[in-house]
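Commentary on secondary and tertiary structure
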Amino acid sequence: MRRGSRKGGACRGSRLPATAGPAMGSRLRLCGAALAMAGGAALAAWAWARLRGRGAGRGEPPAPRLGPVPSIGVAPQGKRQGRQILVLGLDGAGKSSLLQALATNQVKRSLAPTEGFNAVCIATEESQMEFLEIGGSESLRSYWKMYLPQVLLLIYVVDSADHARLPVAKQLLHQLVENNSTLPVVVLAHKQDLEGAYCITDIHDALALSDIGDKRKMFLIGTHVAEDGSEISSSMKDAKELIAELFLEMQ
Ligand SMILES: Nc1nc2c(ncn2[C@@H]2O[C@H](COP(=O)(O)OP(=O)(O)OP(=O)(O)O)[C@@H](O)[C@H]2O)c(=O)[nH]1
Ligand SMILES: [Mg+2]
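All residue numbers here refer to positions counted from 1 along the written sequence of the relevant chain. Both sets of labels track the order of writing: A upward for chains, 1 upward for ligands. The predicted origin of the model limits local features to residues at a pLDDT of at least 70 and limits the giving and counting of side-chain atom pairs to 80 or more, whereas totals for whole chains, interfaces and linings rest on all residues. No hydrogens and no water enter the side-chain calculation; it runs on all heavy atoms of the structure.

With that out of the way, let us pick up the overall build of the protein chain. Comment: elements are numbered from the N terminus, with helices defined as DSSP H or I runs of at least four residues and strands as E runs of at least two. For the protein chain, the count of helices and strands is six helices and eight strands. Walking the protein chain from its N terminus toward its C terminus, one meets helices and strands in the order β-β-α-β-α-β-β-α-β-α-β-α-β-α. Looking at the protein chain residue by residue over its 251 residues, the buried ones come to 50%. Here the analysis covers contacts within the protein chain between residues at least 6 apart in sequence; of these, 73% occur between residues at least 24 apart. To be clear on the numbers: accessible area is Shrake-Rupley with a 1.4 Å probe, and residue cover counts the displayed protein chains and nothing else. In the form shown here, the protein chain has an accessible surface area of approximately 10900 Å², with 50% of it arising from carbon and sulfur atoms. Partly exposed describes any residue whose relative accessible area lies between the buried limit of under 20% and the exposed limit of over 50%, with all areas from a 1.4 Å probe on protein chains only and scaled to the type maximum. Residue contacts are counted whenever heavy atoms from the two residues lie within 4.5 Å of one another.

Written out as structure tokens, the structure is:
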């Protein structure tokens, strides 16, 4: 892809500015340059319950036997016709907070874990992107793989300061994509504001991203949502624009 300055970013201790690190691997792009986002974003969020006609709100427990997400992106006869962007990552990684910030361009951190699904639609001038977050708690991870065949793009969020669980995050990511060699993946090395957060070069190594396959498009971006009420950072804008471009390419 065309974008993304590849500034020679050294990995300096605990904090990573929203600039890119060195290129790593032929298909991996590290993005960080500030980019203007065209068009306004409109938020329309539905919780899983709403998709099932039970009203809005998040935090509904999953149905005991969970079927495919209805009404959007269900592919008949196994064909990939979905238009969704799947957002996965361990519990607490920051998926809901990220989605909220991407949708509103304002920081508002999530307070409650997603106990099922969280569907968010973000409209730009060029497209309407449908994001589907599945909660990251252990009980929900078995559902993650079910949705892969019907998505255009996987966004995988990691808490860059949660060093202890990076091996689990890595294992789950590798399991997710092992049978899908072309699905584009955007890894968000989130919570870059925290002391002790690994920089993107460390995240790249910790997740062994170079082993994920060289056929797919893969990107790694450092992100954070800092102060409630503030405008989103340039790295978040980069992430949003990159996702929008990938989404358009995958149509
Ligand atoms: N310091 C810091 N905290 C963050 C950031 N993003 C989210 N958080 C906090 O991290 C916690 C978890 O955030 P969520 O967005 O709920 O995480 P999640 O990945 O959706 O978690 P599940 O829904 O349980 O899978 C919340 O307390 C957020 O306020 C960030 O960029 N920096
Ligand atoms: Mg969540």
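From this point, the narrative continues.
With that out of the way, let us pick up the site of ligand 1. Neighbouring residues of ligand 1: 22 residues in total, closest Lys-95, Ser-97, Thr-114, Gly-136 and Val-225. Here a polar contact means two N or O atoms within 3.5 Å. Within protein one must be a hydrogen donor candidate and the other an acceptor candidate, and residues neighboring in sequence count only if both atoms are side-chain atoms. Gly-92 has a polar backbone atom sitting 2.9 Å from an oxygen atom of ligand 1. Contacts to ligand 1 include His-190, whose side-chain N or O atom sits 2.9 Å from a nitrogen atom. Starting from 650 Å² of accessible surface for ligand 1 in isolation, the protein chains cover 86%. The element best represented in the shell around ligand 1 is helix H2 (residues 95-104), accounting for three residues. Each residue gets one label: Ala, Val, Leu, Ile, Met, Phe, Trp, Tyr, Cys and Pro are nonpolar, Asp, Glu, Lys and Arg are charged, and the others, such as Gly, are polar. Looking at the shell around ligand 1 residue by residue, the classes come out as six nonpolar, ten polar and six charged. Definition of nearness: a residue and a molecule or strand are near each other if at least one heavy atom of the residue lies within 4 Å of the molecule or strand.

Here the expected span of a helix is defined as 1.5 Å times the quantity of residues minus one. Compared with the 16 Å implied by 1.5 Å per residue over twelve residues, the 17 Å span of helix H4 (residues 166-177) between its first and last C-alpha is a close match. Among all positions in H4, only Leu-166, Ala-169, Leu-172, Leu-173, His-174, Leu-176 and Val-177 are buried. Tucked inside the fold, the buried residues of H4 contact strand S3 (84-88), helix H3 (138-144), strand S6 (151-159), strand S7 (185-190) and helix H5 (200-206).

A donor here means any N, O or S atom no more than 2.8 Å from the metal (3.2 Å for Na, K and Ca); water is not included, so a site may seem to lack partners. Bound to the magnesium ion (ligand 2) on the protein side are Ser-96 (OG), Thr-114 (OG1) and Glu-133 (OE), at distances that span 2.1 Å. The sequence pattern describing where the donors of the magnesium ion (ligand 2) fall on their chain is S-x17-T-x18-E. Residue Ser-96 is located in helix H2, and its partner Glu-133 is located in strand S5 (residues 128-134); the two are separated by 37 residues in the primary sequence. Among the residues examined, Ser-96 registers a relative accessible area of 10% and is labelled buried. According to the relative accessible area criterion, Glu-133 is buried, its value standing at 3%.

Shape descriptors only; they carry no functional weight alone.
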